[in-house]
Amino acid sequence: MSNAMTLAKELQSMNATEVIRNERVRNQFINVYNSIWKEGGEQVYEREAIYFNQQLRDKEALRKCSGTSIFYAFIDLAVRGLTLAPGSQSLCYLIPRNVKTGVDQYGKDIWEKCCNLTISGYGELVLRKNAGQIRHADNPVIVYEGDRFEYGEQDGHKIVNYMSSFPRKSNRIIACFLKITRADGTIDYSVMTESDWKRLQSYSDKQNTYFDSRSNQYVTKGNELYGNNGGQIDTGFLMAKCIKHAFKTYPKL
């Protein structure tokens, strides 16, 4: 039996917490990393194994994910060259999702909880730089009501004119923008307004709505970072969304 088939059979029987420190998984991660990034696989494995297992310990839902999906998420980390290091500007994180894998003999759907590596806005910036699409991106700027702000296009180029009001006249957020220096040195801007994140909030609410049989009604557990409790959108969350939004028109990596 080949090493790949042997590993596949082992993964099917492993608990999520057993996968990362498995010797075959370790060797696979190092080999993949070194084949893409040339060196450093052993050191990166030791570092990311700690971060990965820390997230497993912190989230019960991740511990319920299949061993195979844990393996693929870990290898995806090596391929992308990112880190799971925690922080306010983390590059990526792990998300558990229920995935339909088939139908049983009685016609009922078979579901499996799978681990997915999700890239944050800041991780997106790193990937774009590594791919040579951009040289640099400034930190996103939050625009408040009362600030001088205008954006548009002039002579075929996007422009943004911004001047912060000091002292601040209002705490109400009306926009967020990001300045990007492309690989050829030209400047690009991405702007998000309140209508943009309200639209994203509605998508999020739809994805987090379920029918509660006990109360006999639909319940929405929306992302509180959008300000679902009567407040406004979280600033850090908005800046990360602005970065993601910026590359919608760029070529896929």
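A brief structural summary. (Residues numbered from 1 in each chain as written. Predicted model: local features only at pLDDT ≥ 70, side-chain atom pairs only at ≥ 80, totals over all residues. Heavy atoms only, no water.)

Looking at the nonpolar core
Counting 56 residues, the largest nonpolar core has F52 and I70 as the members making the most contacts within it. For this core, the leading source of residues is helix α6 (residues 67–80), giving 7 residues. Ignoring any residue separated from it by four or fewer positions in sequence, one finds F52 in contact with I20, I70, A73, F74, L84, L94 and C115. (Core = buried A, V, L, I, M, F, W, Y, C linked by side-chain atoms within 4.5 Å. Buried < 20%, exposed > 50% of the residue type's maximum accessible area, 1.4 Å probe, protein only. Helix = DSSP H or I, 4+ residues; strand = E, 2+ residues; numbered from the N terminus. Contact = heavy atoms within 4.5 Å.)

Examining the pattern of salt bridges
Opposite charge on two side chains makes pairing possible when the charged atoms of those side chains draw close. As enumerated under the stated definition, the model contains 14 salt bridges in all. The salt bridge involving R21 is made with E46; its shortest N-O contact spans 3.1 Å. Placement of the pair is R21 in the loop between α2 (16–19) and α3 (23–37) and E46 in helix α4 (residues 41–58), with a sequence separation of 25 residues. When salt bridges that share partners are traced, they join R21, E23, R26 and E46 into one network. (Salt bridge = Lys/Arg side-chain N within 4 Å of Asp/Glu carboxyl O.)

Brief notes about the packing of aromatic side chains
Overall, the coordinates contain 13 aromatic pairs when judged by the stated rule. Both rings, one in F247 and one in Y250, keep their centres 5.0 Å apart while their planes meet at 80 degrees; by these two values the pair is edge-to-face. Judged by relative accessible area, F247 falls into the buried class, the value being 4%. Taken together, the ring pairs connect F29, Y33, W37, Y45, F52 and F74 into an aromatic cluster. Positioned over the ring face of Y144 is R168, at 3.7 Å from the centre of the ring. (Phe/Tyr/Trp six-rings, centres within 6.5 Å; stacked < 30°, edge-to-face > 60°. Lys NZ or Arg CZ within 6 Å of the ring centre and 35° of its normal.)

Observations regarding the layout of surface pockets
Looking at the largest pocket, its volume works out to about 1500 Å³. For the lining of the largest pocket, the secondary-structure elements that each account for two or more residues are β1 (92–103), β2 (109–119), α7 (121–130), α8 (194–207) and α9 (235–246). (1 Å grid on protein atoms, 1.4 Å probe; cavity = no way out; pocket = protein on both sides within 12 Å on 5 of 7 lines; lining within 4 Å. Points joined across faces, edges and corners; volume = space filled by probe spheres on them.)

Digging into α7
Burial runs high along α7: 7 of the 10 residues are buried. Those residues of α7 lying buried are G121, Y122, G123, E124, L125, L127 and R128. Packed against the buried residues of α7 are α6, β2, β3 (134–137) and α9. The residue sitting at the N-terminus of α7 and contributing the capping side-chain oxygen is S120; that oxygen lies 3.3 Å from the backbone nitrogen of Y122. Phi for G132, located one or two positions after α7, is positive at around 80 degrees. (Polar contact = N/O pair within 3.5 Å; in protein donor to acceptor, adjacent residues only side chain to side chain.)

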